[in-house]
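Residue-level structural notes
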Amino acid sequence: MAKVAKAVRGMNDILPEEAHQWQFFERTVQDWLAMYGYRSIRTPIVEHTDLFVRSIGEVTDIVEKEMYSFVDHLNNDRLALRPEGTASCVRAVIEHNLLYEGPQRLSYSGAMFRHERPQKGRYRQFHQVGVEALGYSGPDIDVELIVMCARLWQMLGITGLRLEIGTLGSMESRALHRAKLIKYFEQNVKHLDEDASRRLHTNPLRILDSKNPKMQSVIEQAPRLIDDLDEASRIHFETLQFMLREQDVQFEINLRLVRGLDYYNRTVFEWVTDRLGAQSTVCAGGRYDGLIEQIGGKPAPACGFAMGVERLLALVHQCGKEIMPPIPDAYIVHQGKQAMSFAWKTAELLREAGCQVILHCGGGGFKSQMKKADVSGARYAIIIGDDEALAGEVTLKPLRVATDQTRIDLHAIGDLIKT
Ligand code: HAM
C-alpha cells in the first residue's frame, strides 16, 4: 500500500467540526473591526527575508531560530514565510504611500509561520488577527487599541483575561538603559546561562525575559528602565494609565514586559490568561514609532497588536461558550425518476427562499435516506416519491418534534419551513 500522506509537524488541519467555531470567530472579528473603523489589508505570505531581519531584529528568537527562510532558486531571492504581520503591513503602507492620505487604521488576519517546538497552543503554522494604527502618536490610540480588545473579549464570551502594560521608553532612554544593563550583567556574568551570555552585548534586554529559575535573582536586581525613562515617555505612560482608568479598564503594570520583537518603544502590553497552561499570552502588542523610518518610510509613529486565533478559540471553549454548527432546514429524500427531477426543483426553490437544504445524492431506499436525514441534524425531511411529483406536492416530516407528517403544495413549503 502507498505510504499515508501526513501534514507537516506543527501545522494543523481545521476540520469541519471545528470550522464553524473559526467562522463564528471571523464573523465576530469582522463586526468588531467595523465598529472601530479599521479597514482590512491583505499582504503576501512570503516576503524578502531582509524585511523581517530589519524589523523584528537580528538577535531575536524569531529571526535567529524560528523563521522559515529559503532561497528561491529560480532567481536566488532570499525569501521567508511571514512569522508575523506588522512588518508586512508597514512595508505595504510605505510601498503604496498610504500615509500620504493621513493616518491609517488597518487590520489583517491569516497564517503566520514560526519554527518553534510544537505544543498545545504553540504551532509552526498559526493564525493571527492583527490591528495596526499608523500615523498616530498616542496615547489616545494606545487606549483605543486596548479598549477595543476588551470589547472583543466580551463579544467572544471570554472572561478572566489579565492586561499587563509596560513602557520601553524612547530610543534614547533604551540606549541608556541598555548600557547600564550590559555593565550590570558583565559584573554578574557568572550567574548568566549560555543563552544570556551570548546575548549580553547584542540584546541584553532579552535576558530580562529569561525563564531560567537560576537567573531570577540576578534579573530581579538588574537596573530598571523606568528609572531611566525620559520625560516625554513618562508622561505618555502616565496618560495611558489615566485614560485606561477613566475607561474602567483594569490593568497591571509589568515593568519587565520585554516582548520578543525589537521594534517596540514606549507602550507595550499583553493580555494573559491562567487557563491555557504555558502558552498564556493570547494577544500582545505595543508602540513602534521607529519602524516605519527603519524600513525606508518617512518617519511616522504607530501602534498595534496581534492575537493568536488558536489560543483565543481554546479560551472561548474553556469559558464555556457553546458555538453551535449551522443546522440545515431540510434534507430532501427522493425515490423515482420523476421524483428526482422534482426534488432538484424543490431544493432550488427552497434555497431561493433563503433555506439551507441538503439534497440527497447517491440513491438508496427511503429508509436509508431517512437515516441520513436524521444524522444531518436537519429540522425537516422533505419526502418526494413519483406520486408527490405528479401532484406537485411534497411530504413534510418534522424530525426534531413529534408531529405528524403532512402533504403540502410545493409553493407553500418555503414559508412553512422558515417559521
Ligand atoms: P507576538 O507576541 O509575537 O507579536 O504574537 C502575537 C500573538 O500571536 C501571541 O500573543 C500569541 O497569542 C500568538 N502566537 C505567537 N506565536 C504563536 C505560535 N507559535 N503558535 C500559536 N500562537 C502564537 C506579534 O506578532 C506582533 N506582530 C504583534 C504586534 C502587532 N505588535 C504591534 N503590532
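Use the structure listed above.
The structure presented is a predicted model; accordingly, all values stated were derived computationally and were not measured.

Attention now moves to the site of the ligand. Around the ligand, a shell composed of 26 residues is seen, among which E84, T86, E116, E132 and Y264 lie nearest. Interatomic distance of 2.8 Å between a side-chain N/O atom of E132 and a nitrogen atom of the ligand. Measuring from an oxygen atom of the ligand, one finds a backbone N or O atom of T281 at 3.0 Å. When the free accessible area of the ligand is taken as 660 Å², the share hidden by the protein chains comes to 96%. Broken down by secondary-structure element, the contributors of at least two residues to the shell around the ligand are β6 (125-134), β10 (281-287) and β11 (302-308). Tallying contributions element by element places β10 first for the shell around the ligand, with six residues. Of the residues in the shell around the ligand, the class split is 11 nonpolar, eight polar and seven charged.

The next subject is the pairing of β6. The buried fraction of β6 amounts to nine of the 10 residues, a majority that puts the element mostly inside the structure. By the bridge criterion, 10 bridges tie strand β5 (residues 104-113) to β6 in an arrangement that is antiparallel. The residue of β6 that forms the bridge with R105 is A133. Where β6 and β11 come together, seven bridges link them in antiparallel fashion. The residue of β11 that forms the bridge with L134 is A302.

Quick look at the packing of helix α1 (residues 16-35) against helix α5 (residues 140-156) now. Relative to each other, α1 and α5 sit at 140 degrees, their axes nearing to 10 Å. The crossing of α1 and α5 is right-handed. Note on element contacts: α5 touches α1 through M148, C149, R151, L152, M155 and L156, opposite F24, F25, T28, V29, D31, W32, L33 and M35. Taken together, the residues that form the contact of α1 with α5 break down as 11 nonpolar, one polar and two charged.

Counted according to the given criterion, the structure contains 27 salt bridges. E95 is paired through a salt bridge with R91; the nearest N and O atoms lie 2.9 Å apart. Of this pair, E95 and R91 both sit in helix α4 (residues 86-95), four residues apart, roughly one helical turn. With a relative accessible area of 19%, R91 lands in the buried category. R259 serves as the salt-bridge partner of E270, at 3.3 Å between the closest nitrogen and oxygen. One end of the pair, E270, is in strand β9 (residues 265-272); the other, R259, is in the loop between β8 (252-253) and β9, with 11 residues separating them in the sequence. The two residues E270 and R259 agree in class, both being buried. Among the charged side chains, a network of salt bridges with common partners joins D61, E64, K65, D195, R198, R199 and R206.

Cut-off values and rules
Residues numbered from 1 in each chain as written. Predicted model: local features only at pLDDT ≥ 70, side-chain atom pairs only at ≥ 80, totals over all residues. Heavy atoms only, no water. Near = heavy atom within 4 Å. Polar contact = N/O pair within 3.5 Å; in protein donor to acceptor, adjacent residues only side chain to side chain. Areas by Shrake-Rupley, 256 points an atom, 1.4 Å probe, with all protein chains shown as cover. Helix = DSSP H or I, 4+ residues; strand = E, 2+ residues; numbered from the N terminus. Nonpolar A, V, L, I, M, F, W, Y, C, P; charged D, E, K, R; others polar. Buried < 20%, exposed > 50% of the residue type's maximum accessible area, 1.4 Å probe, protein only. Pairing = 2+ DSSP bridges. Axes fitted to C-alpha atoms, helices over the stretch in contact; angles between N-to-C directions. Left-handed = near helix turned anticlockwise from the far one by under 90°. Contact = heavy atoms within 4.5 Å. Salt bridge = Lys/Arg side-chain N within 4 Å of Asp/Glu carboxyl O.

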